[in-house]
Amino acid sequence: MTEAYIYDGIRTPFGRYGGVLSCIRTDDLAALVIASLVARNPDVDWKNIDDVYFGCANQAGEDNRNVARMASLLAGLPLEVPGVTLNRLCGSSLDAVGSGSRAIKSGDVAGLIVGGVESMSRAPFVLPKPESAYSRVAKIEDTTIGWRFVNDKMRALYGIDSMPETAENVAAQFHVARQDQDQFALRSQLRYRNAYHNGYFEDEILTVEIPQKGKGPTYVSQDEHPRETSLELLGRLKGVVHPNGTVTAGNSSGINDGAVALLLGSESFGKDNGLRPRARILAMTTVGVEPRIMGIGPISAIRRLLDRVSLDLDDIDVIELNEAFAAQAIAVLRELGIPEDSDKVNPNGGAIAIGHPLGASGARLVLTALRQLEKIEGRFALCSMCVGVGQGVALLMEKM
């Protein structure tokens, strides 16, 4: 079977909700990282790209009508290069990487651009059509995150817990204390700060030009979401589900904007285009779990993945676990027998610090994990995420 290799990758900075990237359309945001890949690899014959796989969770606004295809055209890829948008909610771009690798391994394609995009700032309000003529009932739904247009059968069968509510459910069921969540969140912020000051993200993030009305543009080259904080400050925050709850804005990931793109290909694609393989994608697994505790999805996804490739957690050098909430990340680590402060897990900070633009986060995990493997000269990296409506996804790569 043909192997699937990662040849390059780049991402935008991740912006805060309503922050520096909020003025950029979602399709333009995705086009930025694709165009950057093209500029970084001038020897590639881009007509030989077989497809563009991009993850996107929303698809209700400027990311509608197949944002992967729109972004590839906006980025200047040849007209003949097609594009497809994948939606596994939070796991969309991790699925794009895994699905792309499967296509390469099967021999159906040789070269792909994969990644994801999300502008949660620009997610629109939507208005359903009336169910009867001359109806005077109108309900506006916010598409930024979570449930809308709820099916009453779904509500009755599984409930429609919001994302923070699912984290509170996990905290209660798996006995994750508020203090442990805050400590985990602080560790994420401190690890990010240390990595940033040591220049770790310089080769990962492209500089984005932000137009300014009536004056010259500004340039953004660092993540906007990380905070200066402390255990004392985190401890003052009220719960977001209920005042005495354990899940707070400080121990949760953010609502963010960003895009990521990776260049995948077979061995022959790399040789034909003068590229050096940096890692190979070994396997991806997906699982379903109870929606009300969706945060535990990585547990069974990781176990299934490691069983499939006949490896143990001790064989893994880097683990990038998406920090949707500290509560669920801690529950996952405890169930897997991994110390919560393990140097292997999110050593440069995670989504609590960096942010979580839904459709882009999975590819960000892959890019960050790849670069960490190269930094420490490790061999295996594992990326995993929980997914709304009760799923988990995990992906394994090996450094070349």
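Described below are features of the structure shown in this document. (Residues numbered from 1 in each chain as written. Predicted model: local features only at pLDDT ≥ 70, side-chain atom pairs only at ≥ 80, totals over all residues. Heavy atoms only, no water.)

## Considering the pairing of strand S11 (residues 279-288)
Phase 1: When strand S1 (residues 5-11) meets S11, the two strands line up antiparallel, connected through 2 bridges. Bridging across to S11, Tyr 5 finds its partner in Arg 280.
Phase 2: Summarising the sheet, S11 and strand S14 (residues 391-399) pair through 9 bridges and their orientation is antiparallel. Note on S14: the bridge partner recorded for Arg 280 is Glu 398. (Pairing = 2+ DSSP bridges. Helix = DSSP H or I, 4+ residues; strand = E, 2+ residues; numbered from the N terminus.)

## Some details on helix H2 (residues 67-74)
Phase 1: Among the residues of H2, those classed as buried are Val 67, Ala 68, Ala 71 and Ser 72. For H2, the buried positions fall inside an angular range of 130° around the axis, keeping them on one side.
Phase 2: Buried-residue contacts for H2 involve helix H1 (26-40), strand S3 (51-55), strand S4 (83-86) and strand S5 (111-119).
Phase 3: Just downstream of H2 lies Gly 76, where phi reads positive at about 90°. (Buried < 20%, exposed > 50% of the residue type's maximum accessible area, 1.4 Å probe, protein only. Arc of directions from axis to C-beta. Contact = heavy atoms within 4.5 Å.)

## Examining the side chain of Asp 51
Phase 1: Its place among the elements puts Asp 51 in strand S3.
Phase 2: No salt bridge is formed by the buried Asp 51; the nearest opposite charge belongs to Arg 69, separated by 7.8 Å.
Phase 3: A distance of 3.3 Å separates a polar side-chain atom of Asp 51 from the backbone nitrogen of Gly 83.
Phase 4: Aside from chain neighbours lying at most four places away, what touches Asp 51 is Pro 82, Gly 83, Val 84, Gly 111, Leu 112 and Ile 113. (Lys, Arg positive; Asp, Glu negative; His and termini not counted. Salt bridge = Lys/Arg side-chain N within 4 Å of Asp/Glu carboxyl O. Polar contact = N/O pair within 3.5 Å; in protein donor to acceptor, adjacent residues only side chain to side chain.)

## Topic: a nonpolar patch on the surface
Phase 1: Taken together, the side chains of Tyr 17, Ile 145 and Ile 255 make up a nonpolar region of the molecular surface, amounting to roughly 280 Å² of accessible area.
Phase 2: Looking at where Ile 145 falls in the secondary structure, it is placed in the loop between strand S7 (141-142) and helix H4 (152-158). (Patch = residues over 30% accessible without salt bridge, like charges linked within 9 Å, V, L, I, M, F, W, Y side chains within 5 Å. Areas by Shrake-Rupley, 256 points an atom, 1.4 Å probe, with all protein chains shown as cover.)

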